[in-house]
Amino acid sequence: MDLLLATYNGARHLGAQLDSLLAQTHQDFRLLVSDDGSTDGTLALLESYRARFGGRLVLVPNAAPGRGTVRNFENLMQSSLRDAQAGWAAFCDQDDVWLPRKIEATLSEMQRLEARTGEGACVVHSDLVVVDEALNVIHPSFVRHQRFDPGNCTADMLLSINQVTGCAMMVNRALLQAALPLPAAAVMHDWWCALLAGSGHRSFLDEPLVLYRQHGANQLGAKGRTLRNRLARLAADATGVLRRVRALGQATRAQALALRERLDSLGRDGGYVEDYLSWRGRPLWRRLGGHRRYYAGPALDRCSRLLFW
């Protein structure tokens, strides 16, 4: 299998992540690394680890660095698919720490999922421990910290909110084939992959297998979702919060349009996406009754989507 590690100016925390990969109970993997134009010591650090990985660390050329996280991961996904050496791939962030059973547990569940569903695009993902920069525990469960319920998240719900965290997920080769190329409207690579797996070919492990480091420069991160946290953000920057809510609404609609087109090209049923897009276009009063089908999570989240999407 392939581990897909996207790097960019990550020297500060990258060593801990690489050490955690070397400590995995399952060691039959290649580590593919795509760098997005680092100017710190990231590349030198990777080179210093090359011998410890025994030829399994491969630096994938990035022909167009500087395009951001999504395209950096797309470069890795394309490389893994093109090489055709691995049946599965796991996304890896430069600043986290994987617990020793991370690969073993997700691969075992992936094999069970594939045996149960047959051929098709499959995703397995797990819970995470939210930690601070020094790896002190902030919350033992990311999904509970975020008030997610990924075990019961439907394909309809995934259209509006992603409950599949990239650094905790594994995909199979069929998923890579279906997902590539990533459309311009893909909000994030992990969300797009989750959408293509839907709910029937997705399995959630309710076990934290990653230390999810929060350090102030995370691409997304784990923001507090209590009422106090939300009121504090509103008090500090109400205009910015509203702007981000509206931008996400526009992005989810564009991503759903891209998904409908991709499912059609794959010969898969996209009727549920069409229903969602039609529902999104209705007046507010006509969306009230069915909003729980699409908008999961705390009541404040659902209300803000209803009002501003």
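Structure report, in brief. (Residues numbered from 1 in each chain as written. Predicted model: local features only at pLDDT ≥ 70, side-chain atom pairs only at ≥ 80, totals over all residues. Heavy atoms only, no water.)

As a further point, take the packing of aromatic side chains. Throughout the structure, instances matching the rule amount to 8 aromatic pairs. On the numbers, 6.5 Å between centres and 65° between planes, the contact of Phe 29 with Phe 53 is edge-to-face. Of this pair, Phe 29 sits in the loop between helix H1 (11-22) and strand S2 (30-35) while Phe 53 is found in the loop between helix H2 (42-49) and strand S3 (57-59), placing the two residues 24 residues apart along the sequence. With a relative accessible area of 3%, Phe 29 lands in the buried category. Three or more aromatic residues joined by ring pairs make a cluster, and in this case those are Tyr 276, Trp 279, Tyr 294, Tyr 295 and Trp 309. Cation over ring: Arg 56 sits above Phe 29, and NZ or CZ is 4.6 Å from the ring centre. Across from the ring centre of Trp 98, 3.8 Å away, lies the NZ or CZ of Lys 102, which sits over that ring. (Phe/Tyr/Trp six-rings, centres within 6.5 Å; stacked < 30°, edge-to-face > 60°. Helix = DSSP H or I, 4+ residues; strand = E, 2+ residues; numbered from the N terminus. Buried < 20%, exposed > 50% of the residue type's maximum accessible area, 1.4 Å probe, protein only. Lys NZ or Arg CZ within 6 Å of the ring centre and 35° of its normal.)

In this section: the pattern of salt bridges. Pairing is possible between side chains of opposite charge, provided their charged atoms come close. The final tally for this structure, using the stated rule, is 13 salt bridges. Two residues, Arg 144 and Asp 127, come together in a salt bridge whose shortest N-O distance is 3.4 Å. Of this pair, Arg 144 sits in helix H5 (residues 142-145) while Asp 127 sits in strand S6 (residues 123-131), and the two are 17 residues apart along the sequence. Look at Asp 127 and you get buried, because its relative accessible area is 1%. A salt bridge links Arg 260 to Glu 274, with the nearest nitrogen and oxygen atoms 2.6 Å apart. Taken together, the residues Arg 260 in helix H9 (residues 227-265) and Glu 274 in helix H10 (residues 271-280) connect sequence positions 14 residues apart. For Arg 260, a relative accessible area of 31% gives the class partly exposed. Here the salt bridges share partners, and the residues they tie into one network are Asp 2, Arg 30 and Asp 83. (Salt bridge = Lys/Arg side-chain N within 4 Å of Asp/Glu carboxyl O.)

Here the focus is the layout of surface pockets. Volume-wise, the second largest pocket comes out at about 250 Å³. Residue lining of the second largest pocket: 18 residues in total, with Ala 121, Leu 196, Ala 197, His 201 and Arg 268 positioned closest to the centre. Those elements giving two or more residues to the lining of the second largest pocket turn out to be helix H7 (173-179) and helix H8 (189-197). (1 Å grid on protein atoms, 1.4 Å probe; cavity = no way out; pocket = protein on both sides within 12 Å on 5 of 7 lines; lining within 4 Å. Points joined across faces, edges and corners; volume = space filled by probe spheres on them.)

Attention shifts here to the state of the cysteines. The tally for this structure, following the rule as stated, stands at 0 disulfides. For the unlinked cysteine Cys 153, the closest cysteine sulfur is that of Cys 193, found at 15 Å. Distance from the sulfur of Cys 167, which forms no disulfide, to the nearest cysteine sulfur (Cys 92) is 8.4 Å. (Disulfide = S-S within 2.5 Å.)

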